[in-house]
Amino acid sequence: MINFRYHVVSIIGIFIALAVGVVLGAGPLQSRIQAGVSASSSTAAADPQLSAQADAEAAGLKALASSALSGSLAGAKVALVVLPGASDDDVSALRSTLTDAGASVVGRVTLSDNWQTLSTTLASHLASPAAKTASADGVVGYSIVQVLTSTGAETDLLRQILTDDSTPIMTIDEDPSGAATSIVAVG
């Protein structure tokens, strides 16, 4: 029968091994690990067989999405929120997928890099009581949703704050005018 001392020694051994792994991974082996990871990712990008496999998988996923999603979003009005760093190809592909599913894309906004700077000012103009206690990211999210899905004086003020010329948080590429029923973030 295994006694309590055996369990204690095993657990101590596990934690020592974990500590040694963390120390080596964060210290002397860090550059070797990073070099190995970057070399394997560059090899994958340079290998034509892997590239062809990735293209085939992407085409298969697109075909599956178009057959499975066809008509599933019929009548839905969608606004796109494009986050900093999102590629135009991804946005176009998502727009195409949404329209293939039957949704109509009624608006698009693009967030700038300073999208978290005015959360305190925005919170005072939000209709949702939950937004009053939300984090800075949450307040900005609630603000964008209110601008994209509703109308009114407070919403117009939020729109002005979010799109102010001196420090714009977002630009409105296609104005939904409060008509969106769904919002999709691309980033």
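Preceding block: the structure.
Per chain, residues are indexed from 1 in the order of the written sequence. Thresholds applied to this predicted model are a pLDDT of at least 70 for local features of residues and 80 or more for the giving and counting of side-chain atom pairs; totals over whole chains, interfaces and linings are not thresholded and use all residues. By convention in this description, side-chain values take in all heavy atoms of the structure and omit both hydrogens and water.

### Some details on the overall build of the protein
So, point 1. Secondary structure counts use DSSP, requiring at least four H or I residues in a row for a helix and at least two E residues in a row for a strand, with both numbered from the N terminus. Looking only at helices and strands, the protein has seven helices and four strands in total.
So, point 2. Each helix and strand of the protein, ordered N terminal to C terminal, gives the series α-α-α-β-α-β-α-α-α-β-β.
So, point 3. With a 1.4 Å probe rolled over the protein chains alone, any residue whose accessible area is under 20% of its type maximum counts as buried; one over 50% counts as exposed, and the rest are partly exposed. Within the protein, buried positions represent 21% of all 187 residues.

### Comments concerning the pattern of salt bridges
So, point 1. Counted as salt bridges are all cases of a side-chain nitrogen of Lys or Arg within 4 Å of a carboxyl oxygen of Asp or Glu. In total, this model carries one salt bridge according to the counting rule given.
So, point 2. Asp-173 is the partner of Arg-108 in a salt bridge, and the nearest nitrogen-oxygen pair spans 3.2 Å. Taken as a pair, Arg-108 in strand β2 (residues 104-111) and Asp-173 in strand β3 (residues 170-174) lie far apart in primary sequence, 65 residues in all.

### Considering the side chain of Gln-146
So, point 1. Tracing the backbone through its elements, the reader meets Gln-146 in helix α6 (residues 136-149).
So, point 2. Of the residues examined, Gln-146 reaches a relative accessible area of 10% and is grouped as buried.

### Points about the packing of α6 against helix α7 (residues 153-162)
So, point 1. Viewed as axis vectors pointing N to C, α6 and α7 meet at an angle of 120°, and their least axial separation amounts to 9 Å. When the axes of α6 and α7 are compared, the pair comes out oblique. Relative to α7, α6 is oriented so that their crossing is left-handed. From α6, Ser-143, Ile-144, Gln-146 and Val-147 reach across to α7, where they touch Glu-154, Thr-155, Leu-158, Arg-159 and Leu-162. Axis geometry follows a simple rule: fit a line to the C-alpha atoms, using only the stretch in contact for helices, then measure angles between N-to-C directions, giving values from 0 to 180 degrees. Relative orientations are named as follows: roughly parallel for angles under 35 degrees, roughly antiparallel for angles over 145 degrees, roughly perpendicular for angles from 65 to 115 degrees, and oblique for any other angle. Put simply, a crossing is left-handed when the front helix is turned counterclockwise from the back one by less than a right angle, and right-handed when it is turned clockwise. Here a residue-residue contact requires only that any non-hydrogen atoms of the pair lie within 4.5 Å.

### Focus: helix α3 (residues 48-69)
Owing to its 3.6 residues per turn, the α-helix brings residues three or four apart onto one side.
So, point 1. With 22 residues, α3 ought to run about 32 Å at 1.5 Å a step, and its terminal C-alpha atoms sit 31 Å apart, in line with that.
So, point 2. One or two positions beyond α3, positive phi appears at Gly-71, with a value near 80°. To estimate how far a helix should reach, multiply one less than its number of residues by 1.5 Å.

### What about the environment of Ala-65?
So, point 1. Tracing the sequence through the fold places Ala-65 in helix α3.
So, point 2. Taking the C-alpha atoms as reference points, Ala-65 and Ala-101, 36 residues apart in sequence, are found 8.8 Å from one another.

### Thoughts on the environment of Val-184
So, point 1. Counting through the fold element by element, Val-184 comes out in strand β4 (residues 182-186).
So, point 2. Spatially, the C-alpha atoms of Val-184 and Val-81 are 6.1 Å apart, while their sequence positions differ by 103 residues.

### Here we look at a nonpolar patch on the surface
So, point 1. Residues Phe-4, Val-8, Ile-12 and Ile-16 make up a contiguous nonpolar surface patch of about 410 Å² in total accessible area.
So, point 2. Mapping Val-8 onto the fold places it in helix α1 (residues 4-26). Here the term patch refers to residues with relative accessible area over 30% and no salt bridge, with like charges joined within 9 Å and nonpolar side chains (Val, Leu, Ile, Met, Phe, Trp, Tyr) within 5 Å. Only the protein chains shown count as covering a residue, and every accessible area follows the Shrake-Rupley method with a 1.4 Å probe.

### A short note on the nonpolar core
So, point 1. With 19 residues, the main nonpolar core has Val-81, Val-109, Leu-122, Ile-144, Leu-148, Leu-162 and Met-170 as its most contacted residues.
So, point 2. Here this core gets five residues from one element, more than from any other, and that element is α6. What we call a nonpolar core is a set of buried Ala, Val, Leu, Ile, Met, Phe, Trp, Tyr and Cys residues that are connected through their side-chain atoms within 4.5 Å.

### Some words on the side chain of Thr-155
So, point 1. With respect to the helices, strands and loops of the structure, Thr-155 is situated in helix α7.
So, point 2. Residue class for Thr-155 comes out buried when judged on its relative accessible area of 3%.
So, point 3. By the criterion applied in these results, polar contacts are pairs of N or O atoms within 3.5 Å in which, for protein atoms, one can donate a hydrogen and the other can accept it, and in which residues neighboring in sequence qualify only through two side-chain atoms. For Thr-155, the side chain forms a polar contact with the side chain of Ser-150, separated by 3.2 Å.
So, point 4. Not counting residues within four places of it along the chain, the set of residues in contact with Thr-155 comprises Gln-146, Val-147 and Ser-150.

### Considerations on helix α4 (residues 88-100)
So, point 1. With 13 residues, α4 extends 18 Å from end C-alpha to end C-alpha; this agrees with the ideal 18 Å at 1.5 Å per step.
So, point 2. Gly-102, located one to two residues past α4, shows a positive phi value of around 100°.

### Digging into the pairing of strand β1 (residues 77-82)
So, point 1. For β1, a buried count of five out of six residues is recorded, marking the element as mostly surrounded by other parts of the structure.
So, point 2. In this fold, the crossover linking β1 to β2 by way of α4 has right-handed handedness. Throughout, right-handed denotes a crossover for which the path from the first strand over the helix to the second runs clockwise when the strands point away from the viewer.

### Quick notes on the sheet that holds β4
So, point 1. Here, any two strands with at least 2 DSSP bridges between them count as paired. If you walk across this open sheet you meet the four strands as β3-β2-β1-β4, and the pairing is mixed. Among the strands making up the open sheet, the edge pair consists of β3 and β4. Mean inter-strand twist for the sheet, computed between neighbouring axes without regard to direction, equals 25°.
So, point 2. As paired strands, β1 and β2 are joined by six bridges and run parallel to one another. Residue pairing for β2: Lys-77 is matched across the bridge by Ser-104.

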